[in-house]
Amino acid sequence: MAPARTRVNSLHVAVIGAGAAGLVAARELRRENHSVVVFERDSKVGGLWVYTPNSEPDPLSLDPNRTIVHSSVYDSLRTNLPRECMGYRDFPFVPRPEDDESRDQRRYPSHREVLAYLEDFAREFKLVEMVRFKTEVVLVEPEGQKWKVQSKNSDGISKDEIFDAVVVCNGHYTEPRVAHVPGIDSWPGKQIHSHNYRVPDQFKDQVVVVIGNFASGADISRDITGVAKEVHIASRSNPSTTYSKLTGSNNLWLHSMIDSVHKDGSIVFQNGKVVQADTIVHCTGYKYHFPFLNTNGYITVEDNCVGPLYKHVFPPALAPGLSFIGLPWMTLQFFMFELQSKWVAAALSGRVTLPSEDKMMEDVTAYYAKRESYGQPKRYTHRLGGGQVEYLNWIAEQIGAPPGEQWRYQEIDGGYYRLVTQSDTFRDKWDDDHLIVEAYEDFLRQKLISSLPSQLLES
Ligand code: FAD
């Protein structure tokens, strides 16, 4: 752990966003005695998990002037991680005795249960009183040693305020990335990005090609099979010569990537197969986007790499006054948000000291060089995957917290494996009951729950 300073500062801090990251950031900042204002452009907490049947008018979300719909959640969505490992460390995401019948007790519950959990979290820690709803941050820029935050409320009234620090928690699943498909400009079919997908009805009797086969692609393609004539997945990880029918439905095929599309409506895959398709669904991910941030060009987003950032959190020349919570992906999100937030709160109060700007920059440069030596593209900069344990435990060490629990890391490893190998059944069939027991026993030992659930006692 970095040496602690003796003086502890209490600062005036702006948090942008009241999703899973912003909520825990607000809690940790207040625990560290900072005064906190959370700006949230929606009227509720929960961010991405606030489902809406509405989608954006432009189905590919390419128009920069479109009306933004924040959430990318579709109606049938269930979590892609087991709930025990998904929650915040000191407020586990588990069924509680006081839950009413509207709650979803499944291990991989629906998106509604995640929102209910975040609402419980906000209530338990009295976070809502810090949030200014329906208030969008439109500009953040340095002002001397401080930060100017300009916001606009729902009546269109702007306000400029000065803060000692700004913590950016605006999420990164709202600005779609669309794959380049050779010939797409003359292809006559419809296109939609998963950001704007809610329910399958519009695909009735259609032939649909879904690009991408990770979490959303795998889910959405199966959702559509119930109504569509045929669904074909184009997957980068499938070898270019093969194609196969997937288990669990009789109209779903897995292909290699698309080679080209044509003005007669045909889609040619790299495996040589040709289909006449009505719609392409792009499940090709999202871009980091900070339209409000003006750092005079210091922070850039290039090929989805936000930088320079020390350990994905602090821009060396602007630290600790500016920080980002939640950029890494392929990791335990809520758990990481909590650790990063504690780190930011302690760095701002002076309880934890960051390295010098030069040292932080050296670390960033070394990290980029390592990524390049592995032949990884820039857009993988914030992908943790196999490196997550080292990263999360490193942050835990900075703040004097215990490393992540073994059961938590084993659950996520096993969870990813099942997601990839049994994408049709992973939410309802598993072979790691012993990890569930370990997790609940751990919660009980720490008095985070009052008793073991009856199902566990029976097993
Ligand atoms: P968000 O939840 O996106 O919150 C950002 C908030 O900032 C929003 O409320 C937004 O309104 C607000 N905001 C944005 N800009 C401004 C502004 N300028 N001014 C004011 N407010 C602003 N993770 C898991 O752990 N398990 C899962 O099962 C899982 N499933 C997922 C499924 C899908 C389809 C997607 C896209 C992601 C999934 N994730 C999952 C990852 C998920 O993004 C994180 O779990 C987490 O909810 C993100 O929280 P966040 O606070 O970073 O962002």
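Note that the coordinates shown come from a computational prediction; the quantities given were computed from them, not determined experimentally. The residue numbering used here restarts from 1 in each chain and proceeds along that chain's sequence as written. In view of the model being predicted, local features appear only for residues whose pLDDT reaches at least 70, and side-chain atom pairs are presented and counted only at 80 or more, with totals across whole chains, interfaces and linings using the full set of residues. Excluded from the side-chain calculations are hydrogens and water; all other atoms, namely the structure's heavy atoms, are used.

With that settled, consider the pattern of salt bridges. When a carboxyl oxygen of Asp or Glu lies within 4 Å of a side-chain nitrogen of Lys or Arg, that pair is called a salt bridge. For the coordinates displayed, the defined rule picks out 37 salt bridges. Two residues, Glu-113 and Arg-103, come together in a salt bridge whose shortest N-O distance is 3.1 Å. Here Glu-113 is found in helix H3 (residues 111-124), whereas its partner Arg-103 is found in the loop between helix H2 (83-86) and H3, with ten residues between them in sequence. Between Asp-160 and Lys-148 there is a salt bridge; the shortest N-O distance is 4.0 Å. Separated by twelve residues along the polypeptide, Asp-160 in strand E6 (residues 158-163) and Lys-148 in strand E5 (residues 146-153) bring together distant segments of the chain. Classification of residues uses two cut-offs on accessible area relative to the type maximum, computed with a 1.4 Å probe and protein chains only: under 20% is buried, over 50% is exposed, and between them is partly exposed. Take Asp-160: its relative accessible area is 45%, and that puts it in the partly exposed class. Every helix listed is a DSSP run of H or I at least four residues long, and every strand listed is a run of E at least two residues long, numbered separately from the N terminus.

Read across the sheet, five strands follow the order E3-E2-E1-E7-E21 without closing on themselves; strand pairing throughout is parallel. At either end of the open sheet lies a strand with only one pairing partner, and these are strand E3 (131-132) and strand E21 (322-324). Bridging between strand E2 (residues 35-39) and E3 involves two bridges; their strand directions are parallel. By the bridge assignment for E3, Val-38 is matched with Val-131. Each pair of strands is called paired provided DSSP finds at least two bridges between the two strands.

So, on to the packing of helix H7 (residues 388-398) against helix H8 (residues 406-421). With axes taken as lines fitted to C-alpha atoms, and helix axes fitted only over the stretch in contact, angles between N-to-C directions fall between 0 and 180 degrees. For the pair H7 and H8, interaxial distance at closest approach is 11 Å and the crossing angle is 150°. Taken together, H7 and H8 sit at an angle that is classed as roughly antiparallel. For H7 against H8, the interelement crossing comes out right-handed. Contacts from Gln-388, Val-389, Leu-392 and Asn-393 of H7 reach H8 at Tyr-409, Ile-412 and Tyr-416. Across the contact of H7 with H8, the residue classes break down as five nonpolar, two polar and no charged. Each angle receives one of four descriptions, namely roughly parallel if under 35 degrees, roughly antiparallel if over 145, roughly perpendicular if within 65 to 115, and oblique otherwise. Working rule for handedness: look at the near helix, and if it is turned counterclockwise from the far one by less than a right angle, call the crossing left-handed; if clockwise, right-handed. By definition, residues are in contact when any of their heavy atoms lie within 4.5 Å. Polar here means any residue other than Ala, Val, Leu, Ile, Met, Phe, Trp, Tyr, Cys and Pro, which are nonpolar, and Asp, Glu, Lys and Arg, which are charged; Gly is therefore polar.

Looking now at helix H5 (residues 333-349). Working rule for helices: expected span equals 1.5 Å times residues minus one. When the terminal C-alpha atoms of H5 are compared, their 24 Å separation across 17 residues agrees well with the 24 Å that a helix rising 1.5 Å per residue should span. When you tally the buried positions in H5, you get 16 out of 17 residues, the bulk of the element. At the C-terminal side of H5, Gly-350 shows a positive phi close to 90°.

This part takes up the domain arrangement of the protein. Each assigned domain of the protein is listed with its residue range as follows: domain 1 (12-175 + 286-407) and domain 2 (184-282). The gap between the C-alpha centroids of domain 1 and domain 2 is 32 Å. Summed over both partners, the accessible area lost on bringing two parts together, with a 1.4 Å probe, is the buried area. Summed over both partners, the interface of domain 1 with domain 2 buries about 1,500 Å², with 49% contributed by carbon and sulfur atoms. Ranking the residues of domain 1 by area buried against domain 2 places Pro-59, Leu-60 and Tyr-74 at the top, with a combined share of 40%. Between the two partners, domain 1 and domain 2, sit zero salt bridges. Per the annotation, domain bounds derive from an automatic or database assignment of domains.

The next point concerns the environment of Pro-57. Structurally, Pro-57 is set in the loop between E2 and H2. Looking at Pro-57, the relative accessible area reads 67%, which means it is exposed. Each C-alpha atom of the pair Pro-57 and Arg-427 lies 32 Å from the other, and the pair is 370 residues apart in sequence.

The subject of this paragraph is the side chain of Thr-52. For Thr-52, the location among the structural elements is in the loop between E2 and H2. Accessibility expressed as a relative area gives 19% for Thr-52, which makes it buried. Throughout this description, a polar contact denotes any pair of N or O atoms lying within 3.5 Å of each other; where both atoms belong to protein, one of them has to be capable of donating a hydrogen while the other can accept it, and for residues adjacent in sequence the pair is counted only when both atoms sit in side chains. In terms of polar contacts, Thr-52 uses its side chain to reach the backbone amide nitrogen of Asn-54, at 2.9 Å. Among all residues touching Thr-52, those that are not within four sequence positions of it are Val-69 and Arg-198.

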